[in-house]
Amino acid sequence: MDPRQKRTRQRLRAALLSLLREHDYQDIRIYDVIERADVALMTLYRNYANLLDLLRDTIIHMTEHLEFHDYESPQPFQQLFEPEQQPHLLPILQFVERERVFFKRLFSVPCSVLVFQTIADAVRTRIRVNTPEWSPDEVDVIVGCLLGTVYQWVLLDQPISAINMATMIHNTSIYGVLIQREMFADIRATIRIQLRAD
């Protein structure tokens with residue numbers, strides 16, 4: 001992609017993000033975007049098939065620039081349990097907290113399934129690249145915990161801080177991964193024995 005096209009796409013993404021901070025997605029029209037970006041209609045269509053295509057690219061670009069605290073420098077899995085360990089995904093939660101209105105609008109769009117799938121794919125890719133020893137199922141546990149919790153946090157306007165939300169997701173996802181790894185196999189066997197006894 002040539003530098004001019006990169007700049008044009010950046011302007012279009014910035015215009016859409018700016019509009020999403022002010023309006024619901026379903027109220028935004030192509031003409032609003034091109035006016036805000038100060039580009040011609042044909043310029044938009046040379047880069048994107050439609051507004052949904054621009055939204056998808058905007059989400060991908062946005063997630064590519066988020067920091068993934070625990071995943072940028074691989075570390076032994078057990079270290080994630082140390083009390084002084086910063087909860088993984090905290091930078092993402094801090095970003096969501098700052099941009100709560102934007103995410104509420106984003107999660108409320110008629111195409112929210114596409115929005116969630118795009119975010120999930122981007123987060124999944126980043127984690128897999130930086131932590132290749134984690135299996136796809138383990139990564140899916142983390143992504144599921146993140147998206148499910150953030151969705152409720154944002155849409156229900158829950159008064160929980162980013163650090164508390166990150167800690168909750170950290171604990172839920174890490175223990176979910178432990179279950180995936182069957183590190184708790186003996187505990188589950190004990191529970192099964194107790195349940196049979198009851």
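Residues numbered from 1 in each chain as written. Predicted model: local features only at pLDDT ≥ 70, side-chain atom pairs only at ≥ 80, totals over all residues. Heavy atoms only, no water.

Draft legend 1. Inspection of the nonpolar core at higher detail. Core analysis: the biggest nonpolar cluster contains 53 residues, and Val33, Leu93, Phe103 and Leu106 have the highest contact counts within it. Those elements giving two or more residues to this core turn out to be helix H1 (3-20), helix H2 (30-37), helix H4 (51-64), helix H6 (90-98), helix H7 (100-107), helix H8 (112-130), helix H9 (136-155) and helix H10 (162-180). (Core = buried A, V, L, I, M, F, W, Y, C linked by side-chain atoms within 4.5 Å. Buried < 20%, exposed > 50% of the residue type's maximum accessible area, 1.4 Å probe, protein only. Helix = DSSP H or I, 4+ residues; strand = E, 2+ residues; numbered from the N terminus.)

Draft legend 2. The arrangement of the pattern of salt bridges in detail. According to the stated counting rule, one finds 7 salt bridges in the structure shown. Among the salt bridges present, the one from Arg13 reaches Asp57, with a minimum N-O distance of 3.0 Å. Placement of the pair is Arg13 in helix H1 and Asp57 in helix H4, with a sequence separation of 44 residues. The same class applies to Arg13 and to Asp57, which are both buried. Linking Arg124 and Asp140 is a salt bridge whose minimum nitrogen-to-oxygen distance equals 2.7 Å. Placement of Arg124 in helix H8 and of Asp140 in helix H9 is noted, with a sequence separation of 16 residues between them. Since its relative accessible area comes to 33%, Asp140 is described here as partly exposed. Beyond isolated ion pairs, a larger network of salt bridges with shared partners links Asp121, Arg124 and Asp140. (Salt bridge = Lys/Arg side-chain N within 4 Å of Asp/Glu carboxyl O.)

Draft legend 3. A look at the side chain of Arg9. If you trace the backbone, Arg9 turns up in helix H1. Here Arg9 sits buried without a salt bridge, and the closest side chain of opposite charge, Asp57, lies 4.1 Å off (N-O distance). (Lys, Arg positive; Asp, Glu negative; His and termini not counted.)

Draft legend 4. Representation of the confidence of the model for the protein chain within the structure. Confidence along the protein chain averages 77 in pLDDT terms, with 76% of residues attaining 70 or more. Ranking the elements of the protein chain by mean pLDDT puts helix H5 (residues 69-72) last with 43 and H2 first with 95. (pLDDT = per-residue confidence, 0-100.)

Draft legend 5. Region of interest: the packing of H7 against H9. The N-to-C vectors of H7 and H9 enclose an angle of 110°; their axes lie 9 Å apart at closest approach. When the axes of H7 and H9 are compared, the pair comes out roughly perpendicular. Along its contact with H7, which presents Arg100, Phe103, Lys104 and Phe107, the element H9 presents Val150, Tyr151, Trp153, Val154 and Leu155. Partitioning the contact of H7 with H9 into residue classes produces 7 nonpolar, no polar and 2 charged. (Axes fitted to C-alpha atoms, helices over the stretch in contact; angles between N-to-C directions. Parallel < 35°, antiparallel > 145°, perpendicular 65-115°, else oblique. Contact = heavy atoms within 4.5 Å. Nonpolar A, V, L, I, M, F, W, Y, C, P; charged D, E, K, R; others polar.)

Draft legend 6. Main features of unusual backbone geometry. For Asp38, which is not glycine, the phi torsion reads 60° and is therefore positive. Relative to the elements of secondary structure, Asp38 occurs in the loop between H2 and helix H3 (41-47). Judged by relative accessible area, which is 61%, Asp38 ranks as exposed. Non-glycine residue Asp157 carries a positive phi angle of around 50°. Relative to the helices and strands, Asp157 is located in the loop between H9 and H10. What makes Asp157 partly exposed here is its relative accessible area of 43%.

Draft legend 7. Region of the structure containing the environment of Gly148. Counting through the fold element by element, Gly148 comes out in helix H9. By relative accessible area, which is 34% here, Gly148 ends up partly exposed. Measuring from C-alpha to C-alpha, the distance between Gly148 and Ile169 comes to 9.5 Å, with 21 residues separating the pair along the chain.

Draft legend 8. Molecular detail of the environment of Ile127. Counting through the fold element by element, Ile127 comes out in helix H8. Exposure remark for Ile127: the relative accessible area of 0% places this residue in the buried category. Along the backbone, Ile127 and Ile142 are 15 residues apart, and their C-alpha atoms lie at a distance of 9.2 Å.

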